[in-house]
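The residues making up each chain are set out below.
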Amino acid sequence: MNLRETILSADDLGSEIINVPEWGVTVEIRGLTVEQRAHVMETAYIDDKIDSVKLNRELIITCLYDPETGERIFTNADGDVIIKKNSGVVESLCKIASKLSGLAPDSQKESEKN
């Protein structure tokens, strides 16, 4: 296998299985692809500023998967319900999604070092 094939076949989207006791479930959080990240960021920006509610909503919709089926848990239609969930729970899940996707401040600082 040449270098190109090695890179293209690499499974580089990290994920974590997380127990969410407040919801009584376990979820898989997956990092964003480049395409997903662009959509999330485009959706979250308003007047050149990030709207944290929209960012969190999009991260939950896009990054949470059922660990048993591998299917996304939420659809865009669930957005209005997600933003009414416990902010601490949503924030914790979004921090993990951000870390896995290179959006977290620590991830960006690490990238700048390299």
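For the structure, check the block above.
Residues numbered from 1 in each chain as written. Predicted model: local features only at pLDDT ≥ 70, side-chain atom pairs only at ≥ 80, totals over all residues. Heavy atoms only, no water.

**Here we look at the overall build of the protein**
Put simply, the rule reads: Each helix corresponds to a stretch of at least 4 residues labelled H or I by DSSP, and each strand to a stretch of at least 2 residues labelled E; elements are numbered beginning at the N terminus. To sort residues, take the accessible area from a 1.4 Å probe on protein chains only and compare it with the maximum for the residue type: under 20% means buried, over 50% means exposed, and anything in between is partly exposed. Any two residues whose heavy atoms approach within 4.5 Å are treated as being in contact. As used throughout, the charge tally considers Lys and Arg to be positive and Asp and Glu to be negative, leaving His and the chain termini uncounted. A charged residue contributes its charge at one atom only: NZ of Lys, CZ of Arg, CG of Asp or CD of Glu.
For the protein, the count of helices and strands is six helices and five strands. When the helices and strands of the protein are placed in sequence order, the string is α-β-β-α-β-β-α-β-α-α-α. Each principal axis of the C-alpha distribution contributes one length, and for the protein these read about 50 × 40 × 25 Å. Here the protein holds 114 residues, and 31% of them are scored as buried. Partitioning the intrachain contacts of the protein with sequence separation of at least 6 by distance along the chain shows that 51% fall at a separation of at least 24. Here the protein contributes 13 positive and 21 negative side-chain charges, whose respective centroids are spaced 5 Å apart.

**Some remarks on the packing of aromatic side chains**
Short version of the rule: Geometry of aromatic contacts follows a simple scheme: Phe, Tyr and Trp rings, the Trp one being its six-membered ring, pair when their centres are within 6.5 Å, and the pair is stacked under 30 degrees between planes, edge-to-face over 60, tilted otherwise. Two thresholds decide whether a charge sits over a ring: the Lys NZ or Arg CZ must be within 6 Å of the ring centre and within 35 degrees of the ring normal.
Using the criterion set out here, one finds zero aromatic pairs in the structure. R30 extends its terminal NZ or CZ atom over the ring of Y65, reaching a point 3.8 Å from the ring centre.

**Focus: the pairing of strand β2 (residues 25-30)**
The criterion, for reference: Any two strands with at least two DSSP-identified bridges between them are counted as paired.
Both strand β1 (residues 15-20) and β2 contribute to a ladder of six bridges, which runs antiparallel. The residue of β2 that forms the bridge with E16 is I29. As consecutive antiparallel partners, β1 and β2 are separated by four residues, and within that stretch G24 has a phi angle of approximately 70°, a positive value. Here β2 runs beside strand β5 (residues 64-65); their pairing, made up of two bridges, is antiparallel. Looking at β5, one finds that E28 is bridged to Y65.

**Re the pattern of salt bridges**
We apply this condition: Any Lys or Arg side-chain nitrogen found within 4 Å of a carboxyl oxygen on Asp or Glu counts as a salt bridge.
Enumeration over the complete set of coordinates arrives at three salt bridges. For K99, the salt bridge identified is with E16, shortest N-O distance 2.8 Å. Placement of the pair is K99 in helix α5 (residues 87-101) and E16 in strand β1, with a sequence separation of 83 residues. Residues R57 and E58 are paired through a salt bridge, measuring 3.2 Å at the closest nitrogen-oxygen approach. In this structure, R57 and E58 share a single accessibility class: buried.

**Focus on helix α3 (residues 52-63)**
The cut-off we apply is this: Every helix has an expected span of 1.5 Å times one less than the residues it contains. Identification of polar contacts relies on pairs of N or O atoms within 3.5 Å, with a donor-acceptor requirement for protein atoms, meaning one able to donate a hydrogen and the other able to accept it, and with residues adjacent in sequence counted only if both atoms are side-chain atoms.
Counted at 1.5 Å a residue, the expected span for α3 with its twelve residues is 16 Å, and the 16 Å between its end C-alpha atoms agrees. For α3, the buried fraction is high: nine of the twelve residues fall into the buried class. Along α3, the positions that sit buried rather than exposed are L55, N56, R57, E58, L59, I60, I61, T62 and C63. Between the side-chain oxygen of the N-cap and the backbone nitrogen of V53 there are 3.0 Å, and the N-cap of α3 in question is D51.

**Brief notes about the packing of helix α2 (residues 34-44) against α3**
Note the cut-off: Between the N-to-C directions of two axes lies an angle of 0 to 180 degrees, each axis being a line fitted to C-alpha atoms and, for a helix, fitted only over the stretch in contact. Working rule for angles: under 35 degrees goes down as roughly parallel, over 145 as roughly antiparallel, 65 to 115 as roughly perpendicular, anything else as oblique. Note on convention: near helix rotated counterclockwise from far helix by under a right angle means a left-handed crossing. Clockwise means right-handed. Three classes are used, and their members are as follows: Ala, Val, Leu, Ile, Met, Phe, Trp, Tyr, Cys and Pro are nonpolar, Asp, Glu, Lys and Arg are charged, and the others, Gly among them, are polar.
Packing of α2 against α3 brings their axes to within 8 Å, and their N-to-C directions diverge by 150°. In this view, α2 runs roughly antiparallel relative to α3, as classed from their interaxial angle. Considering only the axes of α2 and α3, their crossing is right-handed. From α2, Q36, H39, V40, M41, T43 and A44 reach across to α3, where they touch K54, L55, R57, E58, L59 and T62. Counted by class, the contact of α2 with α3 contains five nonpolar, four polar and three charged residues.

Read these as geometric descriptors, not functional statements.
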